[in-house]
Amino acid sequence: MNRRRIMVALLGVGLIGVAVLLFPSIHKPGEAPAQQVEQSQAIPQPRPVETVNTTPAPPAALPLIPPVITVAKAAPASPQASISVNGVNDIDPAKAFGSKSAPLIMEIYSDFQCPACKQLFTTTTQKVMDNYVNTGKVYLIHRDFPLPMHAYSRVAASYSRAAAHIGKCDEVEQALFRNQEKWEMTGDVVGTVAAALSPAEMKKVQALVEGKTLEPLIEKDKQIGMTVPVNQTPYTVLHTKSGQTFPVVGFVSYDVLKSFLDQLVAQK
Amino acid sequence: MMQSSPFNFRRVFLWICRIVLAGVFLYAGSAKLLGWGLHLHPSISSTKLSLFYFALQVDSYQLLPPWAVQFVAHTLPLAEVAIGLLLLLGWLLPVWTTFVTLLIAGFFASVVRAYALGLQINCGCFAKPEPLTGLTILRDGLLLLLAVLMTVFAFQESRKPHPWSATSPEHS
């Protein structure tokens, strides 16, 4: 009996040791990125509407020149021109944000009428954009995954896609998610989008929607989602440069996601 | 004679429950610690990554604040391994079976709540991404039933002298 007790005691001490070793507060993995977060919040960055450029890293002999990552909002591209980044294919550049050389790729499949997608967009994604996408750590891809049970989500996806192709993705996505409860009651997607754009911009968007030239891109997103397989929204897939993928289902709070992103970014 | 036999039904059932639940807990804890579902190479850094990934699954239940999510995610897998080993060892069995029952009851309540709220999330039960469905509730319910029976039998057995012990009435 004593032997058993000694064994259990040793086991307990061992497990506590491992717990102490692994517990995040000991290592504080998010410390360094947190400083960068504060910096990025202190200096609001403009969001240029042109292609992504990353300056080459300076040689070791010139340590005083910091590497500058110019992060850009997605460039308006010609309809149906898809790109591939680090093995992630069929990316519509108008719905992708950040540096293509970022260590992480984050794909978010969402439906404009889904409440959890709204929650994710308004709380978590916005902070990820500010602190990870605009600092060159994450390349964010918005994938449309309108669910058939939502009457207006496909229309909303069409308008959002069209707005993205005239460089107004963020404005329209914000308007659609923030006013979700209103337009899902009335079905007034057009009015919601129009309120976020100038009349000239709305005219362009309307022309793109009516031309249906962007519909194949939405269909492509859905097809890719079904192969993942995405069976609910929001659905996030994180890709590392080494080819690892981490699916995250449902809403996730920013603080918890931040810890995980910091771990992935710190990975060699 | 039957009552003192080491192979009576209660004792055999208790052993089966202990082995099954110890297996489940050891598998669940190890899978989370070693990132089995994520195809990671075993190392300290992959274990840390796996635990942070598990934190995302704990968070998706929307039950706890972020600090508590990290605490649960970083202690639960170790606790599961420890519980699995303790069930196999059989030391202070009534205490640990009660603890196991409470833990499984907690899991069951969380899963039922998430299902009732319509949260379409991953269960997070065994590290591997696994959607939370009615089958998850059924499985957790069966495990809870097993744990309750194991606890009851463990208490009943603990009141009796061990059939192989020198102090049993047959040997004295």
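Here the structure is a predicted model, which means the values were calculated and not measured.

Colleague: Provide a residue-level description of the packing of helix 1 (residues 9-34) of chain B against helix 4 (residues 93-116) of chain B, including the pertinent values.
Modeller: Residues and elements named next belong to chain B. Between helix 1 and helix 4, the shortest axis-to-axis distance is 12 Å and the interhelical angle comes to 55°. Classified by the angle between their axes, helix 1 and helix 4 sit oblique to one another. As for how helix 1 packs across helix 4, the hand of that crossing is left-handed. In this structure, helix 1 uses Leu14, Arg18, Leu21 and Phe25 to contact helix 4, whose residues at the interface are Leu93, Val100, Leu103, Ile104 and Phe107. Among the residues forming the contact of helix 1 with helix 4, the class breakdown is eight nonpolar, no polar and one charged.

Colleague: Got a sec to walk through the sheet that holds strand 8 (residues 235-240) of chain A? Specific residues and values, please.
Modeller: Residues and elements named next belong to chain A. Here we have five strands laid out as an open sheet, ordered 5-7-6-8-9, and mixed in their pairing. Because the sheet does not close on itself, it has two edges, and the strands there are strand 5 (96-97) and strand 9 (245-249). Alignment of strand 6 (residues 104-110) against strand 7 (residues 138-144), held across seven bridges, turns out to be parallel. Following the sheet pairing, Ser110 is matched in strand 7 by Asp144. The sheet strands contacting helix 10 (residues 215-227) are strand 6 and strand 7, and the helix crosses strand 7 at an angle near 105°.

Colleague: Break down the nonpolar core for me, with residues and values.
Modeller: With 55 residues, the main nonpolar core has Leu238, Phe246 and Phe260 of chain A together with Val100 of chain B as its most contacted residues. Contacts of Leu238 of chain A, omitting those with residues within four sequence positions, involve Ile105, Met106, Gln244, Thr245, Phe246, Val248, Leu257, Phe260, Leu261 and Leu264 of chain A. The next biggest cluster of nonpolar side chains, apart from the first, holds 23 residues, and it includes Cys117, Ile166, Val193 and Val205 of chain A.

Colleague: Run through the environment of Thr133 of chain B, naming residues and quoting values.
Modeller: Tracing the backbone shows Thr133 of chain B in the loop between helix 4 and helix 5 (134-159). Spatially, the C-alpha atoms of Thr133 of chain B and Asn122 of chain B are 9.0 Å apart, while their sequence positions differ by 11 residues.

Colleague: For the pattern of salt bridges, give the residues involved together with the corresponding values.
Modeller: Residue and element names in this part refer to chain A. Counted according to the given criterion, the structure contains 17 salt bridges over all chains. Taking the shortest distance from any N to any O, the salt bridge between Asp92 and Arg161 comes out at 2.7 Å. With a gap of 69 residues between them, Asp92 in the loop between strand 4 (88-91) and strand 5 and Arg161 in helix 5 (residues 153-164) connect regions that are remote in the sequence. In this pair, the class of Asp92 matches that of Arg161, namely buried. Arg161 is the partner of Asp221 in a salt bridge, and the nearest nitrogen-oxygen pair spans 2.6 Å. Residue Asp221 is found in helix 10, and its partner Arg161 is found in helix 5; the two are separated by 60 residues along the sequence. In this structure Arg161 comes out as buried when scored by relative accessible area, which is 1%.

Colleague: Describe in detail the pairing of strand 8 of chain A, supporting the description with residues and values.
Modeller: Residues and elements named next belong to chain A. Within strand 8, six of the six residues are buried, which leaves the element mostly enclosed by the surrounding structure. Here strand 8 shows no split at all, with Tyr235, Val237 and His239 on one side and Thr236, Leu238 and Thr240 on the other all buried. The pairing of strand 6 with strand 8 spans six bridges and is antiparallel. Bridge assignment links Ile105 to a residue of strand 8, and that residue is His239. The pairing of strand 8 with strand 9 spans five bridges and is antiparallel. Bridging from a neighbouring strand, Tyr235 pairs with Val249 of strand 9. Between the end of strand 8 and the start of strand 9, which pair antiparallel, lie four residues, with Gly243 showing a positive phi angle near 95°.

Calculation notes
Residues numbered from 1 in each chain as written. Chains lettered and ligands numbered in written order. Predicted model: local features only at pLDDT ≥ 70, side-chain atom pairs only at ≥ 80, totals over all residues. Heavy atoms only, no water. Axes fitted to C-alpha atoms, helices over the stretch in contact; angles between N-to-C directions. Helix = DSSP H or I, 4+ residues; strand = E, 2+ residues; numbered from the N terminus. Parallel < 35°, antiparallel > 145°, perpendicular 65-115°, else oblique. Left-handed = near helix turned anticlockwise from the far one by under 90°. Contact = heavy atoms within 4.5 Å. Nonpolar A, V, L, I, M, F, W, Y, C, P; charged D, E, K, R; others polar. Pairing = 2+ DSSP bridges. Core = buried A, V, L, I, M, F, W, Y, C linked by side-chain atoms within 4.5 Å. Buried < 20%, exposed > 50% of the residue type's maximum accessible area, 1.4 Å probe, protein only. Salt bridge = Lys/Arg side-chain N within 4 Å of Asp/Glu carboxyl O.

Purely geometric numbers; function is a separate question.
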